[in-house]
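Listed below are the residues making up each chain.
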Amino acid sequence: MENTPFYFYDLNVLEDTLNAVLNSTKSDNFHIHYAVKANNNKKILEKIAAKGLGSDCVSGWEIEASIKAGFCPKSIAFAGVGKTDDEIAIALTNRIGMIHCESLEEILVINEMAEAMNYVPRVALRLNPNVNALTHEKISTGLSENKFGLTVLEFAELVTLMPTLNHINIVGLHFHIGSQITEMNVFEQLCERINEIVPQFENTIGKLEYLNVGGGLGVNYEDPDQGIIPAFEDYFDTFRWGLRKLNVPIHFELGRSIVAQCGSLRTKVLYVKKSNDKNFAVLDAGMTELMRPALYGAKHKIEKFNHVEEMFSELAYDIVGPICESSDSFGTGVILPELKRGDILTIRSCGAYAESMSLRYNGRQEVGNNLKRQVNTSLRVAKTA
Ligand code: PLP
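*Asks:* Which parts of the structure should I look at to understand the pairing of strand β10 (residues 263-274)?
*Replies:* Along a regular strand, successive side chains alternate from one face of the sheet to the other. Relative to β10, strand β1 (residues 6-10) runs antiparallel, the two sharing four bridges. Counterpart to Y9 in the pairing with β10 is G263. Two strands pair when backbone bridges link them, and β10 and strand β15 (residues 344-347) are joined in this way by four bridges, in the antiparallel orientation. When the bridges of β15 are listed, L265 appears paired with I347. Two elements, β10 and strand β11 (residues 279-283), share five bridges in a ladder whose sense is antiparallel. Note on β11: the bridge partner recorded for K274 is N279. Between β10 and the antiparallel strand that follows it, β11, lie four residues.

In structure tokens:
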């Protein structure tokens with residue numbers, strides 16, 4: 001395997017995952033948007049679009065990539081705390097389904113730009129419900145200390161400005177409290193807050209036509225083979241029950257849970273070296289190809305590719321990348337069969353927030369052209385023997 005590192009995607013796993021999502025929601029007024037930020041690989045977008053999902057975008061580029069991949073503009077939601085005027089123009093020109101607004105000033109800008117186009121977009125307010133997602137602090141977004149969503153003060157001011165806002169149609173509420181959430185009681189709390197907020201919205205803004213509860217469902221990074229398909233049934237049941245009194249379409253924006261387990265990162269051991277009490281395996285992939293461990297101490301399962309278990313003794317390794325940062329590490333004390341130069345490792349659960357977060361730091365794109373993107377349609381993710 002010469003051209004490492006590369007991302008390996010198993011589209012059969014993606015197909016199974018999408019079918020599981022669709023089967024879990026087919027009898028409800030539930031609408032699933034794929035959060036493009038998780039992975040914007042063209043083939044992956046095309047496959048998800050072909051299944052009839054909508055998309056959730058956070059940039060003008062993602063809106064355009066979604067449309068090119070086949071997502072219907074009306075099924076596209078555009079979120080983000082810092083939309084530029086150019087990006088808002090892309091959303092308005094393409095007549096996308098919904099813009100999720102995160103500040104009063106943004107609402108005023110959209111109203112003004114829409115007026116100039118003689119158009120009235122559908123808008124949802126992203127509110128910060130102050131719910132603790134019980135996840136890593138860097139991927140928690142629903143606490144009042146986080147930057148996301150309209151503040152209570154802004155909401156009050158918006159209510160007074162409503163009569164002047166003639167070029168936006170505020171019909172929705174949007175929430176997203178964080179990512180990699182595995183405790184369903186967190187989503188139960190979100191539902192409770194939504195049940196409190198909806199009457200406030202209807203008493204001050206108008207009829208609620210659209211509710212978007214964000215994404216956030218976590219996946220099994222520790223043992224991906226035990227959790228190839230995430231806990232969609234529990235997740236959707238939680239909202240089905242928690243929001244049963246609301247007679248409104250419910251939209252979801254799932255990223256990680258849709259794509260994480262279909263991808264892995266294949267990388268080669270460049271060098272094995274020993275210090276006093278450690279063995280280091282230096283890989284040809286680093287934080288530039290998988291940033292999550294450096295960014296939030298995330299752990300991914302690491303396996304030796306194509307090894308036969310009985311034949312090898314095991315050792316503990318610090319698995320590190322080639323980038324000039326001490327945080328460029330995929331794990332310490334990882335137990336693996338004895339490694340040697342040239343061995344191939346598979347870093348699992350890299351379908352989400354790996355390729356889309358890749359960096360050019362250390363000149364990685366120019367260096368060696370070594371980042372191949374491979375999409376495999378027939379093979380299962382290769383497992384160690
Ligand atoms: N929606 C919004 C607003 C987000 O910020 C994110 C992720 O950060 C998502 C959806 C997707 O979340 P996840 O990948 O955890 O499902």
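Next comes the rest of the account.
*Asks:* So what exactly am I meant to see when it comes to the pattern of salt bridges here?
*Replies:* If the charged atoms of two oppositely charged side chains come close together, the side chains can form a pair. Summed over the entire model, instances satisfying the criterion amount to 17 salt bridges. Via salt bridges that share partners, D225, K301, E303 and R348 belong to a single interconnected network.

*Asks:* Any chance you could explain unusual backbone geometry here in plain terms?
*Replies:* Both trends apply: most residues other than glycine have a negative phi, and most peptide bonds are in trans. The backbone of Q180 shows a phi angle near 55°, a positive value even though the residue is not glycine. Within the secondary structure layout, Q180 lies in the loop between β7 (169-174) and α7 (184-204). Judged by its relative accessible area of 17%, Q180 is buried. A positive phi is found at S349, a non-glycine position, where the angle reads about 55°. Within the secondary structure, S349 is located in the loop between β15 and β16 (372-376).

*Asks:* I would appreciate a short explanation of the site of the ligand in the present structure.
*Replies:* Contacts to the ligand come from 14 residues, most closely from S179, G216, E253, R256 and Y353. Between the ligand and G216 there is a distance of 2.9 Å, counted from an oxygen atom to a backbone nitrogen or oxygen. Interatomic distance of 2.5 Å between a side-chain N/O atom of Y353 and an oxygen atom of the ligand. Coverage of the ligand by the protein chains reaches 90% of its 390 Å² of free accessible surface. Residue composition of the shell around the ligand, by class: three nonpolar, six polar and five charged.

*Asks:* Just checking my understanding: could you explain a negative patch on the surface for this structure?
*Replies:* Judged by side-chain charge, D85, D86, E112 and E115 come together as a negatively charged surface patch. Its place among the elements puts D85 in helix α4 (residues 85-93).

*Asks:* Explain the sheet that holds strand β2 (residues 30-35) to me, please; I cannot follow it from the model alone.
*Replies:* Think of a sheet as strands paired side by side through backbone hydrogen bonds, with each pair either parallel or antiparallel. Read around the barrel, eight strands follow the order β2-β3-β4-β5-β6-β7-β8-β9 and close on themselves; strand pairing throughout is parallel. The mean angle between the axes of side-by-side strands here comes to 30°, regardless of whether they run parallel or antiparallel.

*Asks:* Where do I start with the nonpolar core in this structure?
*Replies:* One recurring pattern in soluble globular proteins is that nonpolar side chains are buried together. Among the nonpolar cores identified, the biggest contains 106 residues, and L211, I258 and I319 are the most heavily contacted of them. A domain-level breakdown of this core finds at least three residues from each of domain 1 (11-260) and domain 2 (261-376). Excluding its chain neighbours within four sequence positions, the residues that come into contact with I319 are A281, L283, I302, S329, F330, G331, V334, L336, L339 and L345.

*Asks:* Any chance you could explain the environment of S313 here in plain terms?
*Replies:* Tracing the backbone through its elements, the reader meets S313 in the loop between β12 (302-304) and β13 (314-320). Considering only alpha carbons, one finds S313 and E338, 25 residues apart in sequence, at a separation of 5.9 Å. Look past the residues within four positions of S313 in its chain and what remains in contact with it is L336, P337 and E338.

Cut-offs applied
Residues numbered from 1 in each chain as written. Predicted model: local features only at pLDDT ≥ 70, side-chain atom pairs only at ≥ 80, totals over all residues. Heavy atoms only, no water. Pairing = 2+ DSSP bridges. Helix = DSSP H or I, 4+ residues; strand = E, 2+ residues; numbered from the N terminus. Salt bridge = Lys/Arg side-chain N within 4 Å of Asp/Glu carboxyl O. Buried < 20%, exposed > 50% of the residue type's maximum accessible area, 1.4 Å probe, protein only. Near = heavy atom within 4 Å. Polar contact = N/O pair within 3.5 Å; in protein donor to acceptor, adjacent residues only side chain to side chain. Areas by Shrake-Rupley, 256 points an atom, 1.4 Å probe, with all protein chains shown as cover. Nonpolar A, V, L, I, M, F, W, Y, C, P; charged D, E, K, R; others polar. Patch = residues over 30% accessible without salt bridge, like charges linked within 9 Å, V, L, I, M, F, W, Y side chains within 5 Å. Lys, Arg positive; Asp, Glu negative; His and termini not counted. Charge placed at Lys NZ, Arg CZ, Asp CG, Glu CD. Axes fitted to C-alpha atoms, helices over the stretch in contact; angles between N-to-C directions. Core = buried A, V, L, I, M, F, W, Y, C linked by side-chain atoms within 4.5 Å. Domains from an automatic or database assignment. Contact = heavy atoms within 4.5 Å.

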